[in-house]
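Analysis of the macromolecular model
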Amino acid sequence: MPSPALGDGRGAAEVVLESHFLLRAVFEEAPVGIGMLDPGFRFVRVNPKLAALNGIPAEAHLGRTPRELFPALPIDDLEAIWRRVLDTGKPVLGYEFCGETPAAPGKTRWWREDWFPVVAHGRVVGLAFVVAEVTEERRAGELQRLLVGIVGHDLRNPLAVITTSARLLFAGGLGAREADAVRRIDRAARRIEALARDLLDYTCMRGGGSLGVRPRPGADLSRIVEAAAEEARVAYPGVVLECSAGPDVQGEWDEDRLAQLAGNLLSNAAKYGTRGEPVVARVYADGDEVVLEVHNGGTPIPVERLPRVFDGLSQWTDERMRQGGIGLGLFICREIVRAHGGTIEIASTEADGTTVRVQLPRSAPGPDGGVATPRGAG
C-alpha cells in the first residue's frame, strides 16, 4: 500500500525536492529575521530580513561570527546564552537586548530574539534564531512612562491650584459676569482632572496592573449617581439630566470608583445625546444586585463597533457632532465594574437610543476579585 505522501503517484525524490523548495521559500520570504549558527557561533544561514536588520548582505555573514560583525552588541551575554542552548538543548525565548549594527550606525536599537537548538540524529549541531526589532515598541513604552509622570505629577498639581483658587474666588463674592467665568474655569479644570485620572488608570492596567478598589459597606448608589449628575450639570449646562432611584440600593462598594463610573457614563451620554432630549439615569434594586442604567438619544453606535466600545482608545466619533476624545471612559467603566464583580453591557439602536446597563452585586468581591465577564463588553 503506498504511503499518503506518495499516493498521488509522485516519486520520493520529487516530494523531497518540493519540500525543500517550500521550506526555502518560507525562509526567504519570512517577515522576521531568521538565522542559523554552528557550534562555533559562525553564521550558516541568514534570510533577507535578518540581513536587512543587520545592514550586511546575507552572503557576507557566512562563516563569520556575530562577535566579528557586530562588536557594538552585548556579545559576551549573548554567547553565554547560546552556550546554554547548545549544552542543555533547551530554547531561550523572548530575550531582549539593545546595541548597534551597520544598518543604523550610532543608533541604539532593540531586538527580541528566540533561540533554539538544531538537532540532527539526536545530536545538537547548532542553533537557530528568530529576530524581531522592537525599537519603536520600546520607545512607546518610554513615552508612556514619561506621560504617566507628567499626568500624575506635573499636570495634577497645577490643576489642584486652579480648582482651589476657583473655590476661593467664589467664597470672596463675585459679580455675575466674573462668577460665570470662574465657573467655566472650574469646569474645565475638573474635566482635565477626570481625563488625567482615567489616563493614569488606563496606563496602569495596560502595563499589567489592576484597578484598585476599596469596598466599604453602606455605599448608596442613588446618592453617588445624583452627586455625579450634579457635576455633569455643571460641566454640560445645556443638557438636562434626570435621575430616579428606587429603594434599597445600598451595597459594599468603593464609593470613589463608583462616582468615577457614574461620572464617565453621564459625561458620555451628555456629549453624544440628542440636544433637547434628556439624559436619564435610573438606579433600582434587582434581587441581590443593584442596577444603574444611563440612557441617551442620538445617533446609535454602529453595530460593528459595539463589541469593542469597552476596549479603550477605540472611540467611535460622531462625525456630525464633531465630538471626539481618546475613548478611555468606557474602558475605565468596564474595569471598575469588573473589580466589583459586576457586569456591564450596552445597547444602541436608531429607535431606542443608547443605554448602558450596570449590574453590581451588593457584597464585596471575594479574595480572587470575583470578576464576572461583562455582557456585551467584547
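Everything here concerns the structure above.
About the criteria used
- Residues numbered from 1 in each chain as written.
- Predicted model: local features only at pLDDT ≥ 70, side-chain atom pairs only at ≥ 80, totals over all residues.
- Heavy atoms only, no water.
- Axes fitted to C-alpha atoms, helices over the stretch in contact; angles between N-to-C directions.
- Helix = DSSP H or I, 4+ residues; strand = E, 2+ residues; numbered from the N terminus.
- Parallel < 35°, antiparallel > 145°, perpendicular 65-115°, else oblique.
- Left-handed = near helix turned anticlockwise from the far one by under 90°.
- Contact = heavy atoms within 4.5 Å.
- Nonpolar A, V, L, I, M, F, W, Y, C, P; charged D, E, K, R; others polar.
- Phe/Tyr/Trp six-rings, centres within 6.5 Å; stacked < 30°, edge-to-face > 60°.
- Buried < 20%, exposed > 50% of the residue type's maximum accessible area, 1.4 Å probe, protein only.
- Salt bridge = Lys/Arg side-chain N within 4 Å of Asp/Glu carboxyl O.

**A few points about the packing of helix H8 (residues 221–235) against helix H9 (residues 255–272)**
Packed helix pairs are characterised by how far apart their axes lie and by the angle those axes make with each other. One can describe the packing of H8 onto H9 by two numbers: an axis separation of 9 Å at closest approach and a directional angle of 50°. In this view, H8 runs oblique relative to H9, as classed from their interaxial angle. Two packed elements cross with a definite hand, and for H8 against H9 that hand is right-handed. Judged by residue contacts, Leu-221, Arg-223, Ile-224, Val-225, Ala-228, Ala-229 and Ala-232 of H8 engage Glu-255, Leu-258, Ala-259, Ala-262, Gly-263 and Leu-266 from H9. For the contact of H8 with H9, the per-class residue count stands at 10 nonpolar, one polar and two charged.

**Some words on the side chain of Ser-348**
The residue Ser-348 is located in strand S11 (residues 343–349) in this model. Beyond its immediate chain neighbours, meaning those up to four positions away, Ser-348 contacts Pro-300, Ile-301, Leu-306, Gly-353 and Thr-354.

**Comments concerning the packing of H9 against helix H10 (residues 329–339)**
At their nearest, the axes of H9 and H10 sit 9 Å apart, and the two run at 145° to each other. The way H9 lies across H10 gives a crossing that is left-handed. Where H9 abuts H10, its residues Arg-257, Leu-258, Gln-260, Leu-261, Asn-264, Leu-265 and Asn-268 lie against Gly-329, Leu-330, Ile-332, Cys-333, Ile-336 and Val-337. Taken together, the residues of the contact of H9 with H10 sort by class into eight nonpolar, four polar and one charged.

**Remarks on the packing of aromatic side chains**
This model, assessed by the stated rule, comprises six aromatic pairs. With centroids separated by 6.2 Å and ring planes inclined at 85°, the aromatic side chains of Trp-82 and Trp-115 adopt a geometry described as edge-to-face. Residue Trp-82 is located in helix H5 (residues 75–88), and its partner Trp-115 is located in strand S4 (residues 109–120); the two are separated by 33 residues in the primary sequence. Since its relative accessible area comes to 4%, Trp-82 is described here as buried. The buried category is assigned to Trp-115, whose relative accessible area is 0%. Joined through ring pairs, the aromatic side chains of Phe-41, Trp-82, Tyr-95, Phe-97, Trp-111 and Trp-115 make up one cluster.

**Concerning the pattern of salt bridges**
For the structure on display, the rule yields 19 salt bridges. Linking Glu-96 and Arg-138 is a salt bridge whose minimum nitrogen-to-oxygen distance equals 2.8 Å. Of this pair, Glu-96 sits in strand S3 (residues 92–99) while Arg-138 sits in helix H6 (residues 135–171), and the two are 42 residues apart along the sequence. Judged by relative accessible area, Glu-96 falls into the partly exposed class, the value being 26%. Here Arg-138 falls in the partly exposed class, since its relative accessible area comes to 30%. Via salt bridges that share partners, Arg-67, Asp-76, Glu-79 and Arg-83 belong to a single interconnected network.

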